[in-house]
Amino acid sequence: MISALRAFAARVVGQAISIFARFITAPRAIWQGIEPVPHQRVYFANHSSNGDFVLLWTALPAPLRRQTRPVAALDYWLKSPIRAFIGREVFNAVLIDRRPEARTEDPVTQMVAALDQASSLIIFPEGQRNSSDEPLLPFKSGLYHLARTRPEVDLVPVWIANLNRVMPKGEVIPVPLICTLTFGAPLHLSPDEPKDAFLARASQALLALRAQGQA
């Protein structure tokens, strides 16, 4: 009974978050080189706002949203009971401990386990929120390890535009603005492709989507 009530509450809260995100940002999803079909994927995006994964999750059609799990920071989402409920029950997030010395699980192993349960993932290869003047920070190695471990899974670049202006760092009240999410053609690891070359190619795929949006 309790688990059924928690599941119902999670659905209601998830719907409320989706409606609020759409009201504030009026997200426009551009599917370029790929279609929004229920195929297993890893969506990888730029990271400039704490609302990034919420907006990306919201922009997915409902059937895709139900099978997609964001990869998020354990220390942030377990900071309070409310956040823990939203992170675990609403988003079903794969919670990663960002403190290497305190980890009990390997982050890549956690993500691969989620893929093996037929989930899709939302990840941010920069590993942290980008507050610099550069469009992207250097990518961490997690995306490469996922591509090598599960080469059949589509890796879909997603450029999120404007969300850092909707939710500037340090602000708690969002500023209503239209946000655009551009979904690009999927990537896969080429045979014998070195890690650095693959990560550079993935980074360039995101930057190309950004450039197209500014053209």
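Refer to the structure above for everything that follows.
Since the model is a prediction, treat every value here as computed from it, not as a measurement.

Asks: Could you give an account of the nonpolar core, naming the residues involved and the relevant values?
Replies: One finds Tyr43, Leu56, Phe91, Val158 and Phe183 to be the most contacted residues of the largest nonpolar core, which totals 30 residues. Looking at which element gives the most residues to this core, the answer is helix α2 (residues 52-59), with 6 residues. Counting residues in hydrophobic clusters, the runner-up holds 28 residues, among them Val71, Phe139, Leu199 and Ala205.

Asks: Describe in detail helix α6 (residues 107-116), supporting the description with residues and values.
Replies: Two residues of an α-helix separated by three or four positions point the same way, owing to the 3.6 residues in each turn. Across the 10 residues of α6, 7 count as buried, placing the element largely inside the fold. Listed in full, the buried residues belonging to α6 are Pro107, Val108, Gln110, Met111, Val112, Ala114 and Leu115. In this structure, the buried side of α6 is in contact with β2 (41-45), β3 (68-73), β4 (94-96), β5 (120-123) and α7 (142-149). Following α6 by one or two positions, alanine 118 adopts a phi angle in the positive range, close to 75 degrees.

Asks: Which residues make up the layout of surface pockets, and what values go with them?
Replies: The computed volume of the largest pocket comes to approximately 850 Å³. Ala73, Arg98, Phe124, Gly127 and Gln128 are, among the 28 residues lining the largest pocket, the residues nearest its centre. When the residues that make up the lining of the largest pocket are grouped by side-chain class, the tally is 14 nonpolar, 7 polar and 7 charged.

Asks: Outline the pairing of β3, listing residues and values.
Replies: Counting buried positions over the 6 residues of β3 gives 6, a clear majority of the element. Strand direction decides the pairing type here: β3 and β5, joined by 3 bridges, are parallel. Looking across to β5, one finds that proline 70 is bridged to isoleucine 122.

Asks: Give a detailed account of the side chain of threonine 180, specifying residues and quantitative values.
Replies: Residue position: threonine 180 is located in strand β7 (residues 180-183). The residues contacting threonine 180, other than those within four sequence positions of it, are Arg28, Ile30, Trp159, Ile160 and Ala161.

Calculation notes
Residues numbered from 1 in each chain as written. Predicted model: local features only at pLDDT ≥ 70, side-chain atom pairs only at ≥ 80, totals over all residues. Heavy atoms only, no water. Core = buried A, V, L, I, M, F, W, Y, C linked by side-chain atoms within 4.5 Å. Buried < 20%, exposed > 50% of the residue type's maximum accessible area, 1.4 Å probe, protein only. Helix = DSSP H or I, 4+ residues; strand = E, 2+ residues; numbered from the N terminus. Contact = heavy atoms within 4.5 Å. 1 Å grid on protein atoms, 1.4 Å probe; cavity = no way out; pocket = protein on both sides within 12 Å on 5 of 7 lines; lining within 4 Å. Points joined across faces, edges and corners; volume = space filled by probe spheres on them. Nonpolar A, V, L, I, M, F, W, Y, C, P; charged D, E, K, R; others polar. Pairing = 2+ DSSP bridges.

So far we have only geometry, and geometry alone does not tell us how the molecule works.
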